[in-house]
Amino acid sequence: MGDRWQVVVDRRVCIGSGMCAAAAPDGFRLDSARQSQPVAPEADAAESVLAAAEGCPVEAITLTVSGSGEAVFPPEE
């Protein structure tokens, strides 16, 4: 993919299912409150990170292209 993404987890929405950490263990972890957080606020574009965002049951994960802010997930309609 070649891009870098800004990775944001909305902690007000996150229910701590852990699906993101299972799908992309290098990209997400659960904290002591059992809420997801990105391992780093910016990451190389990766299918696993996209799969984690798409698989979040409450759509708490937002991915944008670093620099441009273009939406990766959820896609702009």
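The structure presented is a predicted model; accordingly, all values stated were derived computationally and were not measured. (Residues numbered from 1 in each chain as written. Predicted model: local features only at pLDDT ≥ 70, side-chain atom pairs only at ≥ 80, totals over all residues. Heavy atoms only, no water.)

Visitor: Any chance you could explain the overall build of the protein here in plain terms?
Guide: Helix and strand counts for the protein come out as two helices and six strands. Secondary structure of the protein in N-to-C order comes out as β-α-β-β-β-α-β-β. For 77 residues, the compact-globule estimate of 2.2 N^0.38 gives 11 Å, and the protein sits close to it at 11 Å. Summarising its shape, the C-alpha atoms of the protein cover approximately 30 × 25 × 15 Å along the three principal directions. Taken over 77 residues, the protein has a buried fraction of 34%. Total accessible area on the protein stands at roughly 4600 Å², and carbon and sulfur atoms take up 50% of it. Side chains of the protein carry 5 positive and 12 negative charges; the gap between the two charge centres is 13 Å. (Helix = DSSP H or I, 4+ residues; strand = E, 2+ residues; numbered from the N terminus. Rg over C-alpha atoms; globule rule 2.2 N^0.38 Å. Buried < 20%, exposed > 50% of the residue type's maximum accessible area, 1.4 Å probe, protein only. Areas by Shrake-Rupley, 256 points an atom, 1.4 Å probe, with all protein chains shown as cover. Lys, Arg positive; Asp, Glu negative; His and termini not counted. Charge placed at Lys NZ, Arg CZ, Asp CG, Glu CD.)

Visitor: Looking at this structure, how should I read the environment of Pro 57?
Guide: Assignment of secondary structure puts Pro 57 in the loop between helix 2 (47–55) and strand 5 (61–65). For the pair formed by Pro 57 and Pro 75, sequence separation is 18 residues and the distance between their alpha carbons is 16 Å. The residues touching Pro 57, leaving out its near neighbours within four places in the chain, are Ile 15, Ser 17 and Met 19. (Contact = heavy atoms within 4.5 Å.)

Visitor: How do you make sense of the environment of Asp 44 when you look at a structure like this?
Guide: Of note, Asp 44 is situated in strand 4 (residues 42–44). With 39 residues separating them along the chain, Asp 44 and Trp 5 place their C-alpha atoms 6.1 Å apart.

Visitor: Help me out: how do you make sense of the pairing of strand 5 in this one?
Guide: Along any regular strand, the residues point their side chains to alternate faces of the sheet. In strand 5, alternate side chains face the same way, and those of Ile 61, Leu 63 and Val 65 are buried while those of Thr 62 and Thr 64 on the opposite face are not. The sheet contact formed by strand 1 (residues 4–9) and strand 5 spans five bridges and is antiparallel. In the strand pairing of strand 5, Gln 6 is matched with Thr 64. The antiparallel hairpin formed by strand 5 and strand 6 (residues 71–73) contains five residues in its connecting segment, where Gly 67 sits at a positive phi of about 95 degrees. (Pairing = 2+ DSSP bridges.)

Visitor: I would appreciate a short explanation of the nonpolar core in the present structure.
Guide: Across soluble globular proteins, nonpolar side chains have a tendency to be buried as a group. Membership of the largest hydrophobic core comes to 18 residues, with the highest contact counts inside it found for Trp 5, Val 9, Phe 28, Val 49, Ile 61 and Leu 63. For this core, the elements supplying multiple residues, two or more each, are strand 1, helix 2 and strand 5. It is helix 2 that provides the largest number of residues to this core, a total of four residues. When sequence neighbours within four positions are dropped, the list of residues in contact with Phe 28 reads Val 7, Val 9, Cys 20, Ala 21, Ser 36, Gln 37, Pro 38, Val 39, Val 49, Ala 52 and Ile 61. (Core = buried A, V, L, I, M, F, W, Y, C linked by side-chain atoms within 4.5 Å.)

Visitor: Just to check I follow, could you spell out the sheet that holds strand 6 for this structure?
Guide: The four strands lie next to each other as 4-1-5-6, forming an open sheet whose pairing is antiparallel. Sheet topology places strand 4 and strand 6 at the edges, where each strand pairs with a single neighbour. Here the strands of the sheet are splayed against their neighbours by 35 degrees on average, with no regard to which way each runs. Looking at chain direction, strand 1 and strand 4 are connected through three bridges and run antiparallel. Residue pairing in the sheet places Gln 6 in a bridge with Glu 42 of strand 4. Taken strand by strand, helix 2 contacts strand 1, strand 5 and strand 6, and its axis lies near 140 degrees from that of strand 5. (Axes fitted to C-alpha atoms, helices over the stretch in contact; angles between N-to-C directions.)

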